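Descriptive structure summary
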Amino acid sequence: MSMIGYYLRAGEDTVNKIREGDTGILFGEENDRNLACIDKAWHAIHYVVTGCVWDIPDDNILGHLVLGGEPINDEDMGYGPARLIPAETVKLLHEALKPWDEGFFRGNFHMQDMIDNEIYPVMSDENEADFFEYVWANFDELKKFFEEAANAGENVIAFLA
């Protein structure tokens, strides 16, 4: 079974509905334009931007990009509950992401370290150039997504399904 990373840009009304248990709206048609998918690249992205396998470093706001946020309710989305990243944190993440262009990302991308640390979904026989392009493309989309959310003053709901 795959672990796919999803993000939803959400205003307070949507956040409140999900808090009350209406997680069906995460994939509802009304939210299609606000939903982003980073496929299986979520763990590799976390590792590249933090250097940590699972931890969220106290001194690095980017630790909250993939694994941060507080559970919004108790419903298991497949790999735990959806997590709310409040609008204030979304803005901080957007600012922290600004210097992360392709060259900077590549400088922090260490394939052998990811293999050694069993970062999902990398495999030992993975083509490094192809895997980099896959992770970079998903990261770049996530960066744009957080820019849009920050500019709109929105919260983000992150989850693995």
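This text follows the structure it describes.
To start, this report covers the structure provided alongside it. (Residues numbered from 1 in each chain as written. Predicted model: local features only at pLDDT ≥ 70, side-chain atom pairs only at ≥ 80, totals over all residues. Heavy atoms only, no water.)

Here we look at the sheet that holds strand 5 (residues 155-160)
For clarity, the cut-off: Strand pairing follows a simple DSSP-based rule, namely that at least 2 bridges must link the two strands. Per the convention used, a helix needs a DSSP run of H or I reaching at least four residues, while a strand needs a run of E reaching at least two, with both numbered from the N terminus. Note on definitions: a residue-residue contact is assigned when non-hydrogen atoms from the two residues lie within 4.5 Å. Lines fitted to the C-alpha atoms define the axes, with helices restricted to the stretch that makes contact. Angles between their N-to-C directions range from 0 to 180 degrees.
On the basis of which strands lie adjacent, the open sheet formed by 5 strands has the order 2-1-5-4-3 and antiparallel pairing. The sheet is open, and its two borders are formed by strand 2 (35-39) and strand 3 (70-71), each paired with just one other strand. Bridge count between strand 4 (residues 83-85) and strand 5: 3 bridges; the pairing is antiparallel. Note that in strand 5 the partner of Leu 84 across the bridge is Ile 157. Packing of helix 6 (residues 128-152) onto the sheet brings it into contact with strand 1 (5-10), strand 2, strand 4 and strand 5, and relative to strand 1 it is tilted by some 15 degrees.

Focus: the packing of helix 3 (residues 87-97) against helix 6
The test is simple: Just so you know how the angles are binned, under 35 degrees is roughly parallel, over 145 roughly antiparallel, 65 to 115 roughly perpendicular, and the rest oblique. In this scheme the handedness of a crossing depends on how the near helix is turned from the far one: anticlockwise by less than a right angle means left-handed, clockwise means right-handed.
Across the interface, helix 3 lies against helix 6 with an axial gap of 9 Å and an inter-helix angle of 135 degrees. One finds that helix 3 runs oblique with respect to helix 6. In the packing of helix 3 onto helix 6, the handedness of the crossing is left-handed. Where helix 3 approaches helix 6, its residues Val 90, Lys 91, Leu 93, His 94 and Leu 97 are matched on the opposing element by Phe 139, Lys 143, Phe 146, Glu 147, Ala 149 and Ala 150.

A look at the packing of helix 2 (residues 42-50) against helix 6
Defined as follows: All amino acids are sorted into three groups, where Ala, Val, Leu, Ile, Met, Phe, Trp, Tyr, Cys and Pro are nonpolar, Asp, Glu, Lys and Arg are charged, and the leftover types, Gly among them, are polar.
Orientation of helix 2 relative to helix 6, taken along the N-to-C sense of each, is 85 degrees, at an axis distance of 10 Å. Judged on the interaxial angle alone, helix 6 and helix 2 are roughly perpendicular. Here Ala 44, Ile 45 and Val 49 of helix 2 lie close against helix 6, whose contacting residues are Phe 131, Val 135, Asn 138 and Phe 139. In the contact of helix 2 with helix 6, the residues fall into 6 nonpolar, 1 polar and no charged.

Re the environment of Val 122
For Val 122, the position within the fold is in the loop between helix 5 (111-116) and helix 6. A C-alpha to C-alpha distance of 13 Å links Val 122 and Glu 133, two positions 11 residues apart in sequence. Residues within four places of Val 122 in sequence aside, it is in contact with Met 111, Met 114, Ile 115 and Phe 131.

With respect to the pairing of strand 1
Here is the rule: Each residue gets one of three labels from its accessible area relative to the maximum for its type: buried under 20%, exposed over 50%, partly exposed in between, using a 1.4 Å probe on protein chains only.
For strand 1, a buried count of 6 out of 6 residues is recorded, marking the element as mostly surrounded by other parts of the structure. Note that strand 1 and strand 2 share 4 bridges and pair antiparallel. The residue bridging Tyr 6 from the neighbouring strand is Cys 37, located in strand 2. Where strand 1 meets strand 5, 6 bridges bridge the pair, whose relative direction is antiparallel. By the bridge assignment, Gly 5 is partnered in strand 5 with Leu 160.

Just distances and angles here, no functional claims.
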